[in-house]
Amino acid sequence: FQVRKRLSRSIVAKIEAMVDDFRSRRDLLPKSRIGKALTYLNNQRETLRVFYGDGRIDIDNNACERAMRPVAMGRRNYMLLGSPRGGQCAAHLYSLVTACKALEIDPAEYLEDVMTRIDSTPASEIASLTPWAWAEARSAVGEA
């Protein structure tokens, strides 16, 4: 953490100096792509500095971006859901798949197992089919 803090400060300072140099140029239009990117970066200075003050925070948000990618990729396909109810079903399915991935469960295996058991599971035991309970039950079987 200390090495990261020491090295990151100087790198971030260099980046900020470069942003200032570019933004001071008269031939760079603020509405151009590079102008907009520099304005964005300039506005994120404080946010960027947070990571070197807290060792738990990553310098990037790649994990979050990767998690959101399926939603962004499917956006055009959502028009094919047919109805608001179809959209709600898709949202529930995305939530289940995302939970499975977070728990390191194969979503296809989970969904196949749950779909075969859901109609015979009493309402009082339906919570046992959530990804968390399912993973716990699987690990208990593996430990036995």
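In the block above lies the structure referred to throughout.
Counting of residues starts from 1 at the beginning of each chain's written sequence and follows it residue by residue. Whole-chain, interface and lining totals are the exception, using all residues; otherwise, since this is a predicted model, local features are given only for residues with pLDDT of at least 70 and side-chain atom pairs are given and counted only at 80 or more. Remark: hydrogens and water are excluded; side-chain values derive from all non-hydrogen atoms of the structure.

A. Quick look at the packing of aromatic side chains. In this analysis, rings of Phe, Tyr and Trp, with Trp reduced to its six-membered ring, are considered paired at centre separations within 6.5 Å, and the interplanar angle assigns stacked below 30 degrees, edge-to-face beyond 60, and tilted for intermediate values. Evaluation of the coordinates by the stated rule reveals one aromatic pair. Aromatic pair tyrosine 110 and tryptophan 134: ring centres 5.3 Å apart, planes at 85°, arrangement edge-to-face. Note that tyrosine 110 is positioned in helix 6 (residues 107-117) and tryptophan 134 in helix 7 (residues 131-143), a separation of 24 residues in sequence. In this structure, tyrosine 110 and tryptophan 134 share a single accessibility class: buried. Helix and strand assignments follow DSSP, with helices taken as H or I runs no shorter than four residues and strands as E runs no shorter than two, numbered in order from the N terminus. The cut-offs for exposure are 20% and 50% of the maximum accessible area for each residue type, with area from a 1.4 Å probe on protein chains only; residues under the lower value are buried, those over the upper are exposed, and the others partly exposed.

B. Seen up close, unusual backbone geometry. Its identity as a non-glycine residue notwithstanding, glutamate 104 has a phi of 60°, on the positive side. Within the element layout of this structure, glutamate 104 appears in the loop between helix 5 (84-102) and helix 6.

C. Summary view of helix 5. Expected helix span is computed as 1.5 Å times (number of residues minus one). When the terminal C-alpha atoms of helix 5 are compared, their 27 Å separation across 19 residues agrees well with the 27 Å that a helix rising 1.5 Å per residue should span. Buried residues of helix 5: Gly86, Ala90, Ala99 and Cys100, and no others.

D. Expanded view of the nonpolar core. Membership of the largest hydrophobic core is limited to six residues, which are Cys100, Ile105, Tyr110, Val114, Leu129 and Trp134. Two residues qualify as a contact provided that any one of their heavy atoms is within 4.5 Å of a heavy atom in the partner residue. In contact with tryptophan 134, not counting residues within four places along its chain, are Ile105, Glu109, Tyr110, Asp113, Val114, Arg117 and Ser128. We define a nonpolar core as any set of buried Ala, Val, Leu, Ile, Met, Phe, Trp, Tyr and Cys residues linked to one another through side-chain atoms lying within 4.5 Å.

E. Expanded view of the pattern of salt bridges. Definition used for salt bridges: Asp or Glu carboxyl oxygen within 4 Å of a side-chain nitrogen of Lys or Arg. Here the structure, examined in full by the defined rule, presents eight salt bridges. For arginine 49, the salt bridge identified is with glutamate 16, shortest N-O distance 3.0 Å. Pair noted here: arginine 49 is in helix 3 (residues 45-50) and glutamate 16 is in helix 1 (residues 2-24), with a separation of 33 residues, a long-range link. When its relative accessible area of 12% is taken as the criterion, glutamate 16 is described as buried. Among the charged side chains, a network of salt bridges with common partners joins Glu16, Asp20, Arg45, Glu46 and Arg49.

F. Region of the structure containing the side chain of threonine 121. With respect to the helices and strands, the residue threonine 121 is situated in the loop between helix 6 and helix 7. Here a polar contact means two N or O atoms within 3.5 Å. Within protein one must be a hydrogen donor candidate and the other an acceptor candidate, and residues neighboring in sequence count only if both atoms are side-chain atoms. Among the polar contacts listed, one links the side chain of threonine 121 to the backbone oxygen of arginine 117, at a separation of 2.7 Å. When sequence neighbours within four positions are dropped, the list of residues in contact with threonine 121 reads Ile126, Ser128 and Leu129.

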